[in-house]
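# Fold and geometry: a report
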Amino acid sequence: MDELELEFELHPQLAADCIVLGDFPVSRLLLLNDANYPWFILVPRRAGVTETYHLSDEDQCILMKESSFLASNLADAFAAKKMNIAALGNVVPQLHIHHIVRYESDKAWPAPVWGKFPVQPYTAEQLDDVRSKLEVLLAGELTFELH
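Here the structure is a predicted model, which means the values were calculated and not measured.

This part is about the environment of Leu-138. Within the fold, Leu-138 resides in the loop between helix H4 (124-137) and strand S6 (145-146). With sequence-adjacent residues up to four places away left out, Leu-138 is seen in contact with Phe-24, Leu-29, Phe-69, Leu-70 and Phe-144.

Attention now moves to the packing of aromatic side chains. Applying the stated criterion across every chain, the model contains four aromatic pairs. For the ring pair Phe-24 and Phe-69, a centre distance of 6.2 Å and an interplane angle of 90 degrees mean the geometry is edge-to-face. Here Phe-69 lies in helix H3 (residues 57-77) and Phe-24 lies in the loop between strand S1 (18-23) and strand S2 (27-32), a separation of 45 residues in the sequence. In this structure, Phe-24 and Phe-69 share a single accessibility class: buried. Their ring planes at 65 degrees and their centres at 6.3 Å tell us that Tyr-37 and Trp-39 sit as a pair that is edge-to-face. Here Tyr-37 and Trp-39 have matching classes, each one buried. Taken together, the aromatic side chains of Tyr-37, Trp-39 and Trp-114 make up a single cluster linked through ring pairs.

What follows deals with the pattern of salt bridges. Summed over the entire model, instances satisfying the criterion amount to five salt bridges. Arg-46 is the partner of Asp-59 in a salt bridge, and the nearest nitrogen-oxygen pair spans 2.7 Å. With a gap of 13 residues between them, Asp-59 in helix H3 and Arg-46 in the loop between strand S3 (39-44) and H3 connect regions that are remote in the sequence. Among the salt bridges present, the one from Lys-81 reaches Glu-104, with a minimum N-O distance of 3.8 Å. You can see Lys-81 sitting in the loop between H3 and strand S4 (82-86) and its partner Glu-104 sitting in the loop between strand S5 (97-102) and H4, a full 23 residues away along the chain. Given a relative accessible area of 53%, Lys-81 falls into the exposed group. Taken together, the shared-partner salt bridges in this structure form one network comprising Asp-23, Arg-28 and Arg-45.

At a closest axis distance of 11 Å, the pairing of H3 and H4 adopts a crossing angle of 120 degrees. With respect to each other, H3 and H4 are oriented oblique. Judged by the twist between their axes, the crossing of H3 over H4 is right-handed. Facing Phe-69, Asn-73, Leu-74 and Ala-77 of H3, the residues of H4 in contact are Lys-133, Leu-134 and Leu-137.

With that settled, consider unusual backbone geometry. A cis geometry characterises the amide bond from Trp-109 onward to Pro-110, with omega recorded as -5 degrees. Within the secondary structure layout, Pro-110 lies in the loop between S5 and H4. For Ala-79, which is not glycine, the phi torsion reads 50 degrees and is therefore positive. When you line up the elements, Ala-79 lands in the loop between H3 and S4. Given a relative accessible area of 55%, Ala-79 falls into the exposed group.

Let us now look at the environment of Ala-16. When you line up the elements, Ala-16 lands in helix H2 (residues 12-17). Take Ala-16: its relative accessible area is 62%, and that puts it in the exposed class. For the pair formed by Ala-16 and Asn-33, sequence separation is 17 residues and the distance between their alpha carbons is 9.1 Å.

In this section: the nonpolar core. Soluble globular proteins tend to bury their nonpolar side chains together. Ranked by size, the top nonpolar core spans 26 residues in total, and within it Leu-29, Leu-31, Phe-40, Leu-74, Leu-134 and Leu-138 carry the most contacts. For this core, the elements supplying multiple residues, two or more each, are S1, S2, S3, H3, S5 and H4. Among the elements that line this core, the one with the most residues is H3, at five residues. Within the second largest apolar cluster, 14 residues are counted, among which are Tyr-37, Val-43, Ile-100 and Val-113.

What counts and how
Position numbers for residues count from 1 along each chain, tracking the sequence in the order it is written. Residue-level local features of this predicted model are given only where pLDDT is at least 70; pairs of side-chain atoms are given and counted only at 80 or more, and the full residue set underlies all totals for whole chains, interfaces and linings. Side-chain metrics rest on all non-hydrogen atoms present in the structure, leaving aside hydrogens and water. Strands are runs of DSSP state E lasting at least 2 residues, helices are runs of H or I lasting at least 4, and numbering of each runs from the N terminus. Contacts between residues were defined by any pair of non-hydrogen atoms, one from each residue, lying within 4.5 Å. To pair, rings of Phe, Tyr and Trp, with the six-membered ring standing in for Trp, must have centres within 6.5 Å; the planes then decide the type, stacked if under 30 degrees apart, edge-to-face if over 60, and tilted in the middle. Each residue gets one of three labels from its accessible area relative to the maximum for its type: buried under 20%, exposed over 50%, partly exposed in between, using a 1.4 Å probe on protein chains only. Every case where a carboxyl oxygen of Asp or Glu lies within 4 Å of a side-chain nitrogen of Lys or Arg is listed as a salt bridge. For helices, the axis comes from a line fit to the C-alpha atoms of the stretch in contact; other axes are also lines fit to C-alpha atoms, and the angle between any two N-to-C directions lies between 0 and 180 degrees. Each angle is binned into one of four classes, with values under 35 degrees roughly parallel, values over 145 roughly antiparallel, values of 65 to 115 roughly perpendicular, and all other values oblique. Helix crossings are classified by the rotation of the near helix relative to the far one: an anticlockwise turn of less than a right angle makes the crossing left-handed, while a clockwise turn makes it right-handed. Take the buried residues of types Ala, Val, Leu, Ile, Met, Phe, Trp, Tyr and Cys, join any two whose side-chain atoms come within 4.5 Å, and each joined set is a nonpolar core.

Structure (structure tokens):
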């Protein structure tokens, strides 16, 4: 295990707003606790990383593979019209990549989702449904450890 991984801590804002779902080889997978949209976040488990170019070349490649794998599988499992993928970091500096499943029927379509509507936390039943989909969906090419 790399020293940067040993020192990794999830930013307090992400810890407060998200549910930890599991780990890919480089990234931790989070679910934003807002049932308005299937909104997932990948966070590289590397201390002090605020930009993709701060990662080693190898970690950059793995992160891109994890992101593409996640997006493709989320699009299929959640029947997305469009996948919105972004790494902004203006509020939370820790590198994190949003993967938001969008539908023409979602509340904010076609506008961005940020701050559009009040957060609706997941119910236990909704969360179980998301976890069940992920368990099937992420059993594949990449190693994924469900939490």
